[in-house]
Amino acid sequence: MNNSQKKSIFKASLRTYNTKISVVEKELNINLGQKNPNMKLGDFLAQNGYKPLADILKLAK
Amino acid sequence: MTFDFIKNNILKQNLEISLDHIIILATIAKDKNYNFSEISKSSLRQSIIIHSASIIEGLLFDYIDLIYLDPEYKWKLKSKKVLYKISDTLEIVGGEYHREQIKVDTKTLNIIQLIQILTKNNYISKNLSHNLDKVRILRNGQHLGARDMIQNFSEKDLTFTIQTLKELYIFLQKEYSKINQ
């Protein structure tokens, strides 16, 4: 496994249900338009049409 | 880790990478700094559907290796001897007819074969089987040459696909828990 693959797997573990969306925004350089930077990624996904995806992340907690 | 019940470490990491990519695509699709056209939105949904189907295939692949499958048989003609040649396309033959067990190499199975075998052996419900097959058909939209129209991947298609992935995930979490007891 090369460094790039290791980094990718490490990053994957950062994107969990409880990851703050402000962290995701910074990491992906995007603006999700949320006023609360502490909002959880899982809650954001659930409110934006990806509830089953949020549920999978919740089940894995 | 999301796929803790998978023992194969390489598969587990590949599943994590695909799920991670789905989350990236799902969040990028909501970026307020970029105004996605309807075609772009459809393509983003298609990418998520393809990666979801890829996860589904990986999960089924792992599951089928854990369970017992009823052996399958086929008849095979040996020592074939042509008795009468009727024409270039028809011969009457004799020989020995043997019933042989088919050795299934699970590593070579594709998603449709995985679904069919698990359904036939009653390991997954008819309903789950039906939903997995619908995801497979959506995933096949990636084959552009086979399309006879411009395919639009809707929010409904996307939600259905991720919902089916969730159904399979929950089902397998329970099944692996039973197997490992």
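Worth saying up front: this structure is predicted, and the values here are computed from it rather than measured. (Residues numbered from 1 in each chain as written. Chains lettered and ligands numbered in written order. Predicted model: local features only at pLDDT ≥ 70, side-chain atom pairs only at ≥ 80, totals over all residues. Heavy atoms only, no water.)

### Here's the deal with the nonpolar core
Here comes step 1: Membership of the largest hydrophobic core comes to 57 residues, with the highest contact counts inside it found for Leu53 of chain A together with Phe3 and Leu59 of chain B.
Here comes step 2: Listed by contribution, the elements that provide at least two residues to this core are helix H2 (21-28), helix H3 (41-47) and helix H4 (51-59) of chain A together with helix H1 (9-28), helix H2 (38-66), helix H3 (111-120), helix H4 (126-139) and helix H5 (155-179) of chain B.
Here comes step 3: Beyond its immediate stretch of four places on either side in the chain, Leu59 of chain B contacts Phe3, Phe5, Ile6, Leu15, Leu165, Leu168, Leu172 and Tyr176 of chain B. (Core = buried A, V, L, I, M, F, W, Y, C linked by side-chain atoms within 4.5 Å. Buried < 20%, exposed > 50% of the residue type's maximum accessible area, 1.4 Å probe, protein only. Helix = DSSP H or I, 4+ residues; strand = E, 2+ residues; numbered from the N terminus. Contact = heavy atoms within 4.5 Å.)

### Section: the interface of chain B and chain A
Here comes step 1: The partner chain A presents 25 residues to the 28 residues of chain B that form the contact.
Here comes step 2: At the boundary of chain B with chain A, total buried surface from both sides reaches about 2400 Å², with 72% on carbon and sulfur atoms.
Here comes step 3: In terms of surface lost to chain A, no three residues of chain B exceed Ile23, Thr27 and Lys30 of chain B, which account for 22% of the buried area on that side.
Here comes step 4: There are two salt bridges connecting chain B and chain A.
Here comes step 5: As a salt-bridge pair, Asp55 of chain A and Lys166 of chain B come within 2.7 Å of each other at their nearest N and O atoms.
Here comes step 6: Across the chain B-chain A interface, the total number found is five residue pairs in polar contact (both at pLDDT 80 or more).
Here comes step 7: In the side of chain B that touches chain A, the residues fall into 15 nonpolar, seven polar and six charged. (Buried area = accessible area lost by both parts, 1.4 Å probe. Salt bridge = Lys/Arg side-chain N within 4 Å of Asp/Glu carboxyl O. Polar contact = N/O pair within 3.5 Å; in protein donor to acceptor, adjacent residues only side chain to side chain. Nonpolar A, V, L, I, M, F, W, Y, C, P; charged D, E, K, R; others polar.)

### Side note on the packing of aromatic side chains
All names here are of chain B.
Here comes step 1: Across all of its chains, the model carries eight aromatic pairs over all chains by this definition.
Here comes step 2: Judged by centre distance (5.8 Å) and plane angle (85°), the rings of Tyr63 and Phe171 are edge-to-face. Highlighted residues: Tyr63 in helix H2 and Phe171 in helix H5, separated in sequence by 108 residues.
Here comes step 3: The interplanar angle of 25° and the centroid separation of 5.2 Å between the aromatic rings of Trp75 and Tyr97 together place this pair among those described as stacked. Note that Trp75 is positioned in strand E1 (residues 72-87) and Tyr97 in strand E2 (residues 90-102), a separation of 22 residues in sequence.
Here comes step 4: Aromatic rings pair up to connect Phe3, Phe5, Tyr63, Tyr123, Tyr169, Phe171 and Tyr176 into one cluster.
Here comes step 5: Directly above the aromatic system of Tyr73 lies the positively charged group of Arg99, at a separation of 4.0 Å from the ring centroid.
Here comes step 6: For the cation-ring pair, Lys134 lies above Phe160, with the distance from its terminal atom to the ring centre recorded as 4.5 Å. (Phe/Tyr/Trp six-rings, centres within 6.5 Å; stacked < 30°, edge-to-face > 60°. Lys NZ or Arg CZ within 6 Å of the ring centre and 35° of its normal.)

### With respect to the domain arrangement of chain B
Here comes step 1: Per the domain assignment, the segments making up chain B are domain 1 (9-69 + 105-179) and domain 2 (71-103).
Here comes step 2: Look at where the C-alpha atoms of domain 1 of chain B and domain 2 of chain B centre, and you get two points 40 Å apart. (Domains from an automatic or database assignment.)

### A look at the packing of H2 of chain B against H3 of chain B
Residue and element names in this part refer to chain B.
Here comes step 1: Running from amino to carboxyl end, H2 crosses H3 at an angle of 45°, the nearest separation of the two axes being 10 Å. Here H3 runs oblique to H2, going by the angle between their axes. The element H2 and its partner H3 pack so that their crossing is left-handed. Contacts between H2 and H3 involve Ala53, Ile56, Glu57, Leu60, Phe61, Tyr63 and Ile64 from the first element and Ile111, Leu114, Ile115, Ile117 and Leu118 from the second. (Axes fitted to C-alpha atoms, helices over the stretch in contact; angles between N-to-C directions. Parallel < 35°, antiparallel > 145°, perpendicular 65-115°, else oblique. Left-handed = near helix turned anticlockwise from the far one by under 90°.)

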